[in-house]
Amino acid sequence: MKRAINALEGISRNPLVVAGTATLGVIAGVFGSLYTSEIKSSFLFFLGQGPISWEATAFWLLLFVFLLMFQSTQWAQNRITDRAQKELIQKSDQLEGLIRTMPPEGFLAKFDKLYKHSFATALLAFSDGAAREDVEEAIRIVLDCIVSLAHYFDGSPPNVRYSANIMLFRSCVNLEPEEREALRNRLQFASEDTDLLALKGVLDLQLALSTTTATPEPLPDDQLAPFALPVPKTPEKVVKGNNRFQVLPGAPEAFQFKKLTGFHDLSMLERWCHEKGDFRPGTIEDILAYFRTGTGQSIKSFCSVPLAHSDEEEPIGVLNIHRDAEDMLKQKGAVLFIPLTTPFRLLLVDLIRLRSRLETQ
């Protein structure tokens, strides 16, 4: 039906049809002026009150076809106008949204200052003789710069708490049984009998690689507790003709699909779980309980972004940014803000790899 309507619109606004409509109107007018008396004498002939003449019949047919074609061209033009107005309104809304999410005045200057600080810190960590603890401190400093930028970007009051942490991806295949068991014990939102070897792996929170704006120095976030999240081998499946996610929202989703994910509030997270998720019974309730009454109750909005040198590369983990108030990074502000953090995230990838090398030495 829609295809037929679009085809009719295309025909109606064809220049030849528009010209033919105008020509037909002229012809009908000529008939009306040449055969005025015949048309008058046969008016209402269809009611048996006038004689039938070919001149009158031709005039009325021409007039009817003209009106039909004229109405068709007007209908097509109105559809074009309506679409143009809707596109204009949409672009105006997009422009308004862009203006609302633009960085505040002085953001670039602050960005420049914090990146220079992060880069200098990273150089020290890569110097000879640096220990694992030095690298972890450097990572926290970079994280502190990121959350400070997010805080400044939002223009939030000083008492709003911004935090960041890193979850590293771990494959369970080569882990020792004791280490695998410890990992299972801190696995969240999965059944107790989950076979870690049946998963693609897990995202393991690194407490040492976290920080918050609530402390004057970039110390580990004291509101976090050790936990890990499952990363399934199959992130989604078809259920009743619709794609449903088996991967958890947030960090696992960001890791699996190599994209930015986030939620402005808990209701948005709950809606995503019900509408897009396909989890075991009780998983959604466990997720909501974690944020409402559990360890994550101070997290009101958050975003997760994969850590890798490029979009084609397999991420080594996920960077999580969150705050204790809803609507972090203003509507679609994350789409603008996160790309600006790319230099910081590249530093994090290099520092994390350095930390891994130091662990094996």
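Our structure's up above, just so we're on the same page.
Residues numbered from 1 in each chain as written. Predicted model: local features only at pLDDT ≥ 70, side-chain atom pairs only at ≥ 80, totals over all residues. Heavy atoms only, no water.

**Considering the overall build of the protein**
Consideration 1: Helices and strands together make up the secondary structure of the protein, namely 12 helices and 8 strands.
Consideration 2: Looking at the protein as a whole, 40% of its 361 residues are labelled buried.
Consideration 3: For the protein, the share of sequence-separated contacts (at least 6 apart) that also reach a separation of at least 24 residues comes to 70%.
Consideration 4: Surface summary for the protein: the accessible area is close to 20200 Å², and the carbon and sulfur share equals 58%. (Helix = DSSP H or I, 4+ residues; strand = E, 2+ residues; numbered from the N terminus. Buried < 20%, exposed > 50% of the residue type's maximum accessible area, 1.4 Å probe, protein only. Contact = heavy atoms within 4.5 Å. Areas by Shrake-Rupley, 256 points an atom, 1.4 Å probe, with all protein chains shown as cover.)

**So, a negative patch on the surface**
Consideration 1: A cluster of acidic residues, Glu133, Asp134, Glu137 and Glu217, forms a negative patch at the surface.
Consideration 2: You can see Glu137 is positioned in helix α6 (residues 132–154).
Consideration 3: On the basis of relative accessible area, Glu137 is assigned to the partly exposed category, the value being 41%. (Patch = residues over 30% accessible without salt bridge, like charges linked within 9 Å, V, L, I, M, F, W, Y side chains within 5 Å. Salt bridge = Lys/Arg side-chain N within 4 Å of Asp/Glu carboxyl O. Lys, Arg positive; Asp, Glu negative; His and termini not counted. Charge placed at Lys NZ, Arg CZ, Asp CG, Glu CD.)

**Observations regarding the packing of helix α5 (residues 107–125) against helix α12 (residues 342–360)**
Consideration 1: For the pair α5 and α12, interaxial distance at closest approach is 11 Å and the crossing angle is 15°. Classified by the interaxial angle, the pair formed by α5 and α12 is roughly parallel. Both α5 and α12 take part in a crossing whose hand is left-handed. Facing Phe111, Leu114, Tyr115, Ser118, Phe119, Ala122 and Ala125 of α5, the residues of α12 in contact are Pro343, Phe344, Leu347, Leu351 and Leu354.
Consideration 2: Residues of the contact of α5 with α12, tallied by class, amount to 11 nonpolar, 1 polar and no charged. (Axes fitted to C-alpha atoms, helices over the stretch in contact; angles between N-to-C directions. Parallel < 35°, antiparallel > 145°, perpendicular 65-115°, else oblique. Left-handed = near helix turned anticlockwise from the far one by under 90°. Nonpolar A, V, L, I, M, F, W, Y, C, P; charged D, E, K, R; others polar.)

**A look at the pattern of salt bridges**
Oppositely charged side chains can form a pair if their charged atoms are brought close together.
Consideration 1: In the structure shown here, the tally under the stated rule is 18 salt bridges.
Consideration 2: Notably, a salt bridge pairs Asp204 with Arg170, separated by 3.3 Å at the nearest N-O pair. Of this pair, Asp204 sits in strand β2 (residues 201–212) while Arg170 sits in strand β1 (residues 162–170), and the two are 34 residues apart along the sequence.
Consideration 3: Between Glu270 and Arg292 there is a salt bridge, and its shortest N-O distance comes to 3.3 Å. Of the two residues, Glu270 is situated in helix α9 (residues 266–276) and Arg292 in helix α10 (residues 283–292); the sequence distance between them amounts to 22 residues.
Consideration 4: Looking at Glu270, the relative accessible area reads 24%, which means it is partly exposed.
Consideration 5: Salt bridges linked by common partners bring Arg132, Glu136, Arg355 and Glu359 together as one network.

**Structural notes on the pairing of strand β4 (residues 236–239)**
Consideration 1: Pairing geometry for β4 and strand β5 (residues 242–245), over 4 bridges, is antiparallel. Bridge pairing links Lys237 to Arg244 in β5. (Pairing = 2+ DSSP bridges.)

**Description of the sheet that holds strand β7 (residues 301–307)**
Consideration 1: Spatially, 6 strands are ordered β3-β2-β1-β8-β7-β6 in an open sheet, and the strand pairing comes out antiparallel. At either end of the open sheet lies a strand with only one pairing partner, and these are β3 (228–231) and β6 (261–263). Neighbour-to-neighbour, the strand axes of the sheet open up by a mean angle of 20°, direction not taken into account.

**Re the layout of surface pockets**
Consideration 1: When its volume is computed, the largest pocket comes out at roughly 390 Å³.
Consideration 2: Around the largest pocket, the lining is made up of 22 residues, and of these Thr261, Gly262, Phe263, His264 and Met268 lie nearest the centre.
Consideration 3: Secondary-structure elements contributing two or more residues to the lining of the largest pocket are β6, α9, β7 and α11 (333–340).
Consideration 4: If you tally residues by element for the lining of the largest pocket, the top one is α9, at 5 residues. (1 Å grid on protein atoms, 1.4 Å probe; cavity = no way out; pocket = protein on both sides within 12 Å on 5 of 7 lines; lining within 4 Å. Points joined across faces, edges and corners; volume = space filled by probe spheres on them.)

**Re the environment of Ala131**
Consideration 1: With respect to the element layout, Ala131 can be found in the loop between α5 and α6.
Consideration 2: What makes Ala131 partly exposed here is its relative accessible area of 31%.
Consideration 3: When the C-alpha atoms of Ala131 and Leu354 are compared, they prove to be 9.9 Å apart, with 223 residues separating the residues in sequence.

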